[in-house]
Amino acid sequence: MKRYGKITTIGRVAVLFTCALPTCPDAFAASVTTNEHKPKPVPGNQKGSVQAALQPETIHVSGANAHAEHLQHVGGSIAHLSREALIQAHVTTVNDLQNVVPNLQVENAFGGGQPQFHLRGIGFFDYGSNNTPDVMTYVDGVAYPIGVMTQGVMFDLAGVDVERGPTGYTSGRSVTGGNIMMQTADPTKTLTAGISEDIANRARSKTDLFVSGPITRRLSYRISAETIHGGAYEYNRATGEHIGNADLGAVRAKLRWEANDTTTINLSGHYGIDRSDSTPGYLINSVTSGGYIPADSDHYATGWGMSRQFANNLHLNPNAKPFRNNQSWGVDINIQKEFSWARLTSISAYEVMYRRELNDWDATPAANADEYFDSNLSIFSQELRLASHDRGPITWNAGLYYFKEDLQDAMYSNFQNAFGFNTETRYSQPDQGFSEFASITYRPVSHLRIGFGLRHENEWKELDNFYTQRSTALVPATHYDRKTGMDQVSGKASIEYDIRPNVMAYFNIRRGVKEGGFSAYNVSAPSQLTPFKPEWLMAYELGFKSTFFNHRLRINGAAFKYDYHDQQVQSAIEDHTIGAIGKIVNAPRSSLWGVELEAQAEPIRGLHLTQNFGYEQGQYEQFQALNIAASQATGASGNGYQTINKNMQGKDMGFPKLQLSGSASYDIRLPGALRGYILTPEANYSYRSEEYAVILGPLYNIKPYFLLNTSLTFRPKNGKWSVTGYVQNALNRTYDLTRNFFTTSNFGIVGPPRFYGARISYTY
């Protein structure tokens, strides 16, 4: 098989020196302002003076206000969350964003370390380490194209944007669902430092700190770090031992050099380690394989264990808890060069991820479904972009994007009690792609803008030396090589009209594409390795953005319709000899539609209100899915298994239809001896309707749930320090994050119960 050559260190350095900060509409502003020059607050990005107290510094990133205001004039559905909003909503992982962003769902596959994203119903389920999600996560403009890379990167943030719908016309990689864009805080020109300590019940703690300031007049730095520990809320049903403790830490260092009046260089490096417990599930039904265990009436009960043979092969303790031992590091360099007629922008990055993760997916001490992942991933990416300044009736943007990924993956499965053997699956997956994109906007009159964007993308992916070796096999396993790729064009046409200076309406049509891939699971038959095709969709969106009453009320809304083609779906195929085999397949046609409404208001001084509404619905229009039960029953004849499909036409796609979230806070200025201090009570909630397991059946439906969080903050008016008491899941609701089955067990992964704690913050 053809193998792609390695990029030399000298070559990487040469490419790195073409970099710059992002200039596309979905990028954050890079400049900072002091308190004396901070912009006027606007709803949705600053919920009041209590939020300033929660910031880990007294300067304000211009993205906190100017960026949110800029998005009000961008014709697309983009949810913006400031640093303050993230802190108040207790958003500590990318998964938590689903509680504050309408029509976003994030759930970890089988409760493991691989998140599965759905935005406006676009997404797919996959527990492997090798496929790109439909929703791309970016940190400082750098793409994280494998889901497991996104766990543990959310600290010292300036803010987060969630862009809905197909993307890739002005920057980055091409996906069908949307982007989650995180911007970390930049170095400052004045010396500042801060620390925040969060302590809660169940021995949970979270520590954040940073220091930032100048080295010279043109060179500044920032160093930040975070640790999270404890918080276990599950227990072993037999021994009472707790499981689920966090144990992770990360550090980031940034340098900003203003080389001259037109050139800025930003260098960033990060390192993270995650040695947390994995979280097994509770049993929905009783299990008999390896010994009888009844269904769990307590959803926080679980179990774990593995065979001694499996443990010895991996040099593990047979009594070890399921765990993560993941490490990640990366470096990126950004250089921005201003010309009189345009801005040159480039982003280069090199990211590395080591995944060492043990999961128990049967939730029992038996050796039915224990999985160990040993993945080594490296990614180099380079983006070069040239954009005109926002002058005159025509603006334009053009660029190139290249990426090269290398994945060396191994998965070990402990099926000793269930099937009488263990397996070892290994493969390598080189992947690279090259894209060209361009966009233009024409403004015939001051209040009307017409835009067009185009992207061409080539991608080449290989599955090399893939094999699954059974422990009972007498001969070596067959090795397989496969190839796939795509040569696709995507595009966008849009129109934006300013009804009033603070009221805009827009309409756009987009064609989005996402690369195909492989079902890199334990292989039972060669047909399982047939690649699934790229998916594509036509997206239609109509929306408005409005601000009233001197920025005291903001209301944004959007309606969308998607025509989905070759949707990538986790399903199964039937092998004549073996029977049903899990595989990602393509559903030829489906359709989705929905609406979003996001409102922020400050009706009176100090009272801050937000309300978000999302509704979405989807159905298959052409899809023949395997009827697993009926197909498996044909094997009883002794003449092999026959494929029997069920027609999914008109069937609901299953994702939650309704999502609601909102918050309310009020700044109480205290009188008398406490004059100069502010007390702020706050509450926020989220609601998600039922999720239906269309392929697996009603046993795996996730029931609707409502979560309520409250807090009370005390701080001085100058905001240098604050003390907050809070309660998460105040009603102590028991709810599921996901439900699934593996070999012999039907299980659910329960969400966190009530947590109560305190947070103390101080800035200098």
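Numbering of residues starts from 1 in each chain and follows the order in which that chain's sequence is written. Local features in this predicted model are restricted to residues whose pLDDT is 70 or higher, and side-chain atom pairs enter the listing and the counts only when it is 80 or higher, whereas totals over whole chains, interfaces and linings include all residues. The basis for every side-chain value is the complete set of heavy atoms in the structure, and neither hydrogens nor water enter the calculation.

Caption draft 1: Structural detail: the sheet that holds strand β41 (residues 745–750). Spatially, β18-β41-β40 is the arrangement adopted by the 3 strands of the open sheet, whose pairing is antiparallel. Across the chains shown, the open sheet's two edge strands, defined by having one partner strand only, are β18 (282–283) and β40 (736–742). At least two bridges found by DSSP between two strands are what make those strands a pair. Here a strand is any run of E in DSSP of at least two residues, a helix any run of H or I of at least four, and the numbering for each starts at the N terminus.

Caption draft 2: Molecular detail of the UniProt feature "domain: TonB-dependent receptor-like beta-barrel" (unreviewed entry) in the protein chain. UniProt positions are given in the numbering used here, feature names are shortened, and annotations may be inferred rather than shown by experiment. Here, UniProt's "domain: TonB-dependent receptor-like beta-barrel" (unreviewed entry) annotation points to residues 259–729. Between the C-alpha atoms that bound residues 259–729 there is a distance of 49 Å. The span itself is 3% helix and 63% strand.

Caption draft 3: How the structure looks around the packing of aromatic side chains. Between 30 and 60 degrees the pair is tilted, below 30 it is stacked and above 60 it is edge-to-face, where a pair is any two Phe, Tyr or Trp rings, Trp via its six-membered ring, whose centres lie within 6.5 Å. Here the structure, examined in full by the defined rule, presents 31 aromatic pairs. A ring pair is formed by Y677 and F714, whose centres lie 5.3 Å apart and whose planes are at 10 degrees; its orientation type is stacked. Of this pair, Y677 sits in strand β37 (residues 677–688) while F714 is found in strand β38 (residues 705–716), placing the two residues 37 residues apart along the sequence. When accessible area is computed with a 1.4 Å probe and restricted to protein chains, residues below 20% of their type maximum are described as buried, those above 50% as exposed, and intermediate ones as partly exposed. The class for Y677 is partly exposed, based on a relative accessible area of 29%. Among the aromatic residues, ring-to-ring pairing joins F110, Y127, W361, F373, Y521, F742 and F747 into one connected group. For R204, the ring lying beneath its charged end belongs to F755, and the centroid distance is 4.4 Å. Both a distance and an angle decide whether a charge sits over a ring: NZ of Lys or CZ of Arg must be within 6 Å of the ring centre and within 35 degrees of the ring normal.

Caption draft 4: Region of the structure containing unusual backbone geometry. At D140, a position not held by glycine, the phi torsion is positive, near 55 degrees. Mapping D140 onto the fold places it in the loop between β7 (135–139) and β8 (142–144). The residue H551 is not glycine, and still its phi comes out positive at about 70 degrees. For H551, the location among the structural elements is in the loop between β29 (535–548) and β30 (553–575). H551 sits in the buried class, given a relative accessible area of 15%.

Caption draft 5: Structural view of the side chain of K545. With respect to the secondary-structure elements, K545 resides in strand β29. The charge count treats Lys and Arg as positive and Asp and Glu as negative. His and the chain ends do not count. Just to be clear on terms, a salt bridge is a Lys or Arg side-chain nitrogen sitting within 4 Å of an Asp or Glu carboxyl oxygen. An unpaired buried charge is present at K545: no salt bridge exists, and E541, the closest side chain of opposite charge, is 7.3 Å distant. We call two N or O atoms a polar contact when they sit within 3.5 Å, provided that within protein one can donate a hydrogen and the other can accept it, with sequence-adjacent residues counted only if both atoms are side-chain atoms. At 2.7 Å, the side chain of K545 and the backbone oxygen of G76 are in polar contact. Note on contacts: a residue pair qualifies if any of its non-hydrogen atoms lie within 4.5 Å across the two residues. Setting aside residues up to four positions removed in sequence, K545 forms contacts with L71, Q72, V74, G76, N502, V503, M504, Y506, I555 and N556.

Caption draft 6: Looking closely at the side chain of R739. Looking at the element boundaries, R739 is found in strand β40. Reaching out from R739, the side chain makes a polar contact with the side chain of Y282 at a distance of 3.1 Å. The contacts of R739, once residues within four sequence positions are left out, are Y282, I284, L699, Y700, N701, I702, F747 and G748.

Caption draft 7: Representation of the pattern of salt bridges within the structure. A full pass over the atoms with the stated rule returns 41 salt bridges. Across the pair D296 and R237 runs a salt bridge whose closest N-O atoms are separated by 2.7 Å. Of this pair, D296 sits in the loop between β18 and β19 (301–302) while R237 sits in the loop between β14 (234–236) and β15 (242–243), and the two are 59 residues apart along the sequence. Since its relative accessible area comes to 12%, D296 is described here as buried. Across the pair D736 and R739 runs a salt bridge whose closest N-O atoms are separated by 2.9 Å.

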